[in-house]
Amino acid sequence: MGGKSFSAATGEVAPAAAAAGGAAAVPVPDGVFTKPPFVVGNKLLAVASFDQRPHAATVVAVRGEDEGPGGAFDEDAVYYYCHYVGHDRRLDEWVRRRQCQMYSASAEQEVSPRAAAEGKGEGTGARRATRNLKRRYEQIHNVAGNLEDLPEIDQKLEKEHEENTKVKYIQTIHFGRFELDTWYYSPYPAEYGQASHLYVCEHSLKYFKHRQSLLAHRERLLIRNPPGDEIYRGEALPPGAPGAGKYGAPAISMFEVDGARAKLYCQNLCLFAKLFLDHKTLYFDVEPFLFYVMCERTPEGEYELAGYFSKEKNNPLNENNLACILALPTHQRKGYGSFLISFSYELSRCEGKVGTPERPLSDLGKVSYRSFWRKRVIRHLASNKGSISIQEVAETLAMLPDDVVETLQDLGLVSYWRGQHIVNATSKVIEEHCKLLGEDNSIQVQQDRLIWTPRMWPPNNN
């Protein structure tokens, strides 16, 4: 950058700066700050909203070139949709043109401490991550991995997915008492899908572009809970009570909603969930699915949506007990993800069969399930003295035997003898694993509060 600095506040850079990866300089109308207009595919430096620092980014889309007096050079009317290099797609966002500058390696090191450290070679040597360690870090922290690490067929599907969902127009939503930043693209109808802000009713999940429309809808709304059967009504428990978790258990209700009977609600739920899920493909074909909607009961008697999971109904060909799961960002870090997974297994137990989540699992899903399985299996082994078979573990926990074996392999507690896998762990080893797990601070399903009988649902004729 020839020694010129970049201001994170204004996004200005001296005209003498040279482009090393962006578009070539072009004549600029009088009165407009000199900066080349970027096009899709250009690399640039953009000030990110998540830390107010410039980061290397790729231009995914451009808008506003015909809206301002400066045309493509207008500092305020033109926005670039940026994907920050090395960051998850949930951070992609529209950035005003005046907060962008041409990219060069020297410019990035000058304005980005992280890039400068990497340029100086810090963090290399003994601390350099191997390929396997890097992949493990990405799984734990939900960092987007490299496309080339995937199998060829998955690379093709991932490229198609990214192309179809590359631009997130809806940036924020008003939902009940919350104002939320969205994470990913969701295929709302065009009139709403390209709005930067939406109002979503916390009861019906119907969406609006204007606040007054939402208020009018609320006044007409008669039912303020999910349109299904309340099959679980948990009791609020204080901290320290059995099954209450570290911070106590709130009053939780679970509703079973049939996608065929409450089609519009379930479609709205899927559209809403897609704002926070990257690889979700179920939006409109909801009839073959059941949705188990989790709500917190407020002191005022309201039902506040906290999360849900779905599963396919009447499918004898698989043992999937969960298709999609989401704990809303407003209710994360409360143990609700683990509670929803546990609830899906509780339903499988009531059905008298084993269950497993639908594959493939996302990176975050793999981490969540592996953690859940380890805790369940280790604590079950600790509570059973003497030898126990993998089949017995699977039947008691309603887990697929293959999932039990995979979990024991991760823990190094399984052997292969005479053509079958067996549990291979002494009581001392199991005790050590229990110590590593620590206290069980998860919110438990109160089995006596579940009122549910398995049934066959009428076939979907659509």
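Residues numbered from 1 in each chain as written. Predicted model: local features only at pLDDT ≥ 70, side-chain atom pairs only at ≥ 80, totals over all residues. Heavy atoms only, no water.

What follows concerns the sheet that holds strand β2 (residues 54-63). Spatially, β4-β3-β2-β1-β5 is the arrangement adopted by the five strands of the open sheet, whose pairing is antiparallel. Looking at the sheet topology across the chains shown, the edges are occupied by β4 (93-96) and β5 (100-102). Between one strand and the next, the sheet's axes are offset by a mean angle of 50°, whatever the strand orientation. Where β2 meets strand β3 (residues 79-84), six bridges bridge the pair, whose relative direction is antiparallel. Looking across to β3, one finds that V59 is bridged to C82. (Pairing = 2+ DSSP bridges. Helix = DSSP H or I, 4+ residues; strand = E, 2+ residues; numbered from the N terminus. Axes fitted to C-alpha atoms, helices over the stretch in contact; angles between N-to-C directions.)

Turning our eyes to something else, we now look at the pattern of salt bridges. Scanning the entire structure with this criterion turns up 19 salt bridges. A salt bridge links R97 to E75, with the nearest nitrogen and oxygen atoms 2.8 Å apart. Placement of R97 in the loop between β4 and β5 and of E75 in the loop between β2 and β3 is noted, with a sequence separation of 22 residues between them. A relative accessible area of 0% means that R97 is categorised as buried. Taking the shortest distance from any N to any O, the salt bridge between E296 and K334 comes out at 3.1 Å. Taken together, the residues E296 in strand β12 (residues 289-297) and K334 in the loop between β15 (324-327) and α8 (336-351) connect sequence positions 38 residues apart. (Salt bridge = Lys/Arg side-chain N within 4 Å of Asp/Glu carboxyl O. Buried < 20%, exposed > 50% of the residue type's maximum accessible area, 1.4 Å probe, protein only.)

Here the focus is the confidence of the model for the chain. Averaged over all residues, the pLDDT of the chain is 81; the fraction at 70 or higher stands at 78%. This stretch, residues 1-34, has a pLDDT under 50; its non-local contacts, to residues over four places away or in other chains, come to 62 contacts. Note that residues 121-145 has pLDDT below 50 and, in this model, 21 contacts with residues that lie over four places away or in other chains. (pLDDT = per-residue confidence, 0-100. Contact = heavy atoms within 4.5 Å.)

What follows deals with the nonpolar core. By size, the foremost hydrophobic cluster in this structure holds 47 residues, and its most contacted members are Y232, M254, Y292, F339 and F343. Contributing elements (two or more residues each) for this core: β10 (229-233), β11 (252-258), β12, β13 (303-312), α8, α9 (363-383), α10 (390-397) and α11 (401-411). Among the elements that line this core, the one with the most residues is α8, at seven residues. Beyond its immediate chain neighbours, meaning those up to four positions away, Y292 contacts I231, M254, F255, E256, G307, Y308, F309, K311, F343, L347 and W452. Listed in part, the 37 residues of the second largest apolar core include A195, A262, A273 and L328. (Core = buried A, V, L, I, M, F, W, Y, C linked by side-chain atoms within 4.5 Å.)

Moving on: the packing of α9 against helix α12 (residues 427-437). Put simply, α9 and α12 touch, their axes get as near as 9 Å, and they point 135° apart. Considered as vectors, α9 and α12 are oriented oblique to each other. In this structure, α9 meets α12 at a crossing whose hand is left-handed. Note on element contacts: α12 touches α9 through I430, H433, C434 and L437, opposite R374, K375, I378, R379, L381 and A382. (Parallel < 35°, antiparallel > 145°, perpendicular 65-115°, else oblique. Left-handed = near helix turned anticlockwise from the far one by under 90°.)

This part covers unusual backbone geometry. The omega angle of the peptide bond from R359 to P360 is 0°, so this bond is cis rather than trans. Phi at L205 takes a positive value of approximately 65°, unusual for a residue other than glycine. Along the chain, L205 turns up in the loop between β8 (197-200) and β9 (207-208). Even without being a glycine, R333 presents a positive backbone phi close to 65°. Tracing the backbone shows R333 in the loop between β15 and α8.

Next up on the list: the environment of Y345. Structurally, Y345 can be placed in helix α8. We classify Y345 as buried; its relative accessible area is 2%. For the pair Y345 and L322, spaced 23 residues apart in the sequence, the C-alpha separation amounts to 8.9 Å.

Think of a sheet as strands paired side by side through backbone hydrogen bonds, with each pair either parallel or antiparallel. The five strands are arranged β10-β11-β12-β13-β15 in an open sheet whose pairing can be described as antiparallel. This sheet does not close on itself; its edge strands, each paired only once, are β10 and β15. Going from strand to strand, the sheet's axes swing by 20° on average, the running direction of each strand aside. As paired strands, β13 and β15 are joined by four bridges and run antiparallel to one another. Opposite S310, over in β15, you have C324 as the bridge partner. Helix α7 (residues 263-274) rests against β11, β12, β13 and β15 of the sheet, and its axis sits at about 70° to β12.

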